[in-house]
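Chain by chain, the residues:
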Amino acid sequence: PVSSEMINGNVGYIKISNFESGAAENAIAAIEKLLQSGAQYFVFDVRTNPGGLLDELTELLDYLLPGGDIFVSVDKSGEETVVTSNNVCLDMEMCVLVNADSYSAAEFFAAALQEYNWATIVGERTTGKGRSQQTFELSDGSALHISTAKYLTPNRVDLSQQGGVTPDMEVALSGSTDSQLDAAVSWLLYG
């Protein structure tokens, strides 16, 4: 679910296609490899990322962010389950690329980094999916898929109610070049 490369000589680019099994481990390994190759900045691309596993999301956020809340789940009775990060973090300039097809865990990845002022979000407003679902198989072989909890950002924002993550820099894709990636790299290198 993860690919990476060095661009412009010192910008580590990491594409996270989904947050399924192995995404956090692979992303962390890619970050460390790019650091050894001289990366001074990072771009995380979660465009068209459909989300995935909560544990993968929180493991990667814990690696990137300083101590504090990184994810909140609220059950039907209003009880919060909070996932926190330790103080060990990656303190470097970074951007996150998002689009209208950044969904669920991808949105929460961008939102957490944005709320900590840890990354600049570049691209288009995300979908706004902030619910967890469970599938219950029924005796006739059919299944029922229902929302069982709502998810909140570290600042307790409901992305479903808010309508997704609003980028710090709204950039539409245009032409034959990746204008969103170009804008992120330009922001990192030149401010």
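Undergrad: Looking at this structure, I do not really get the overall build of the chain. What am I missing?
TA: Along its length, the chain carries 5 helices and 10 strands. The globule rule puts the C-alpha radius of gyration for 191 residues at 16 Å, and the 17 Å found for the chain is close to it. For the chain, contacts bridging at least 24 residues in sequence account for 70% of all contacts bridging at least 6. When the accessible surface of the chain is totalled, it reaches about 9,100 Å², and 46% of it is carbon and sulfur. In the chain, 9 side chains carry a positive charge and 26 a negative one; their mean positions are 6 Å apart.

Undergrad: Could you clarify how one ought to interpret the packing of helix 1 (residues 23–36) against helix 2 (residues 54–64) in this entry?
TA: Packed helices, taken two at a time, are described by their axes: the angle between them and the distance between them. It is the contact of helix 1 with helix 2, at a shortest axis distance of 8 Å, that shows an interaxial angle of 30°. The orientation of helix 1 relative to helix 2 falls into the category roughly parallel. Where helix 1 abuts helix 2, its residues A23, A24, E25, A27, I28, I31, E32 and L35 lie against E56, E59, L60, Y63 and L64.

Undergrad: Whenever I open this one, the side chain of N99 confuses me. Can you help?
TA: The topology assignment puts N99 in the loop between strand 6 (93–98) and helix 3 (105–115). Accessibility expressed as a relative area gives 10% for N99, which makes it buried. Here T48 takes part through its backbone nitrogen, which lies 3.0 Å from a polar atom of the side chain of N99. A polar atom in the side chain of N99 sits 2.9 Å from the backbone nitrogen of D101. The contact partners of N99, leaving out residues within four places of it in the chain, are R47, T48, E124, R125 and T126.

Undergrad: Can you help me understand a nonpolar patch on the surface in this one?
TA: Nonpolar side chains collect at one region of the surface, where F136, L138, L144 and I146 lie side by side and expose about 320 Å² of accessible area between them. Relative to the helices and strands, F136 resides in strand 8 (residues 131–137). Exposure remark for F136: the relative accessible area of 37% places this residue in the partly exposed category.

Undergrad: Please clarify how the sheet that holds strand 2 (residues 11–16) should be interpreted in this entry.
TA: Either a parallel or an antiparallel arrangement is found when strands of a sheet pair, and the pairing is made through backbone hydrogen bonds. Reading across the sheet, the 6 strands line up as 1-2-3-6-7-10 and stay open at both edges, with mixed pairing between neighbours. Edge positions in the open sheet fall to strand 1 (2–7) and strand 10 (169–170), since each of these has one partner strand only. Where strand 2 and strand 3 (residues 41–45) come together, 5 bridges link them in parallel fashion. Its bridge partner being in strand 3, K15 is matched across the sheet by D45. With respect to the sheet, helix 1 is in contact with strand 1, strand 2 and strand 3, its orientation differing from that of strand 1 by roughly 15°. Its contacts with the sheet put helix 3 on strand 3, strand 6 and strand 7 (120–123), and the angle it makes with strand 6 is roughly 145°.

Undergrad: Quick question: what am I supposed to make of helix 1 here?
TA: Side chains that are three or four residues apart share a direction in an α-helix, a result of its 3.6 residues per turn. Look at helix 1: 20 Å from first C-alpha to last across 14 residues, which is about the 20 Å you get at 1.5 Å a residue. Among the residues making up helix 1, those that are buried are A23, A24, A27, I28, A30, I31 and L34. What you see down the axis of helix 1 is that its buried residues fit within an arc of 160°, all on one side. What points out from helix 1, more than 90 degrees from its buried face, is the exposed set E25, K33 and Q36. Elements in contact with the buried residues of helix 1: strand 1, strand 2, strand 3 and helix 2. After helix 1 finishes, the residue G38 shows a positive phi value of roughly 100°.

Each value, and the rule that gives it
Residues numbered from 1 in each chain as written. Predicted model: local features only at pLDDT ≥ 70, side-chain atom pairs only at ≥ 80, totals over all residues. Heavy atoms only, no water. Helix = DSSP H or I, 4+ residues; strand = E, 2+ residues; numbered from the N terminus. Rg over C-alpha atoms; globule rule 2.2 N^0.38 Å. Contact = heavy atoms within 4.5 Å. Areas by Shrake-Rupley, 256 points an atom, 1.4 Å probe, with all protein chains shown as cover. Lys, Arg positive; Asp, Glu negative; His and termini not counted. Charge placed at Lys NZ, Arg CZ, Asp CG, Glu CD. Axes fitted to C-alpha atoms, helices over the stretch in contact; angles between N-to-C directions. Parallel < 35°, antiparallel > 145°, perpendicular 65-115°, else oblique. Buried < 20%, exposed > 50% of the residue type's maximum accessible area, 1.4 Å probe, protein only. Polar contact = N/O pair within 3.5 Å; in protein donor to acceptor, adjacent residues only side chain to side chain. Patch = residues over 30% accessible without salt bridge, like charges linked within 9 Å, V, L, I, M, F, W, Y side chains within 5 Å. Salt bridge = Lys/Arg side-chain N within 4 Å of Asp/Glu carboxyl O. Pairing = 2+ DSSP bridges. Expected span 1.5 Å × (residues − 1). Arc of directions from axis to C-beta.

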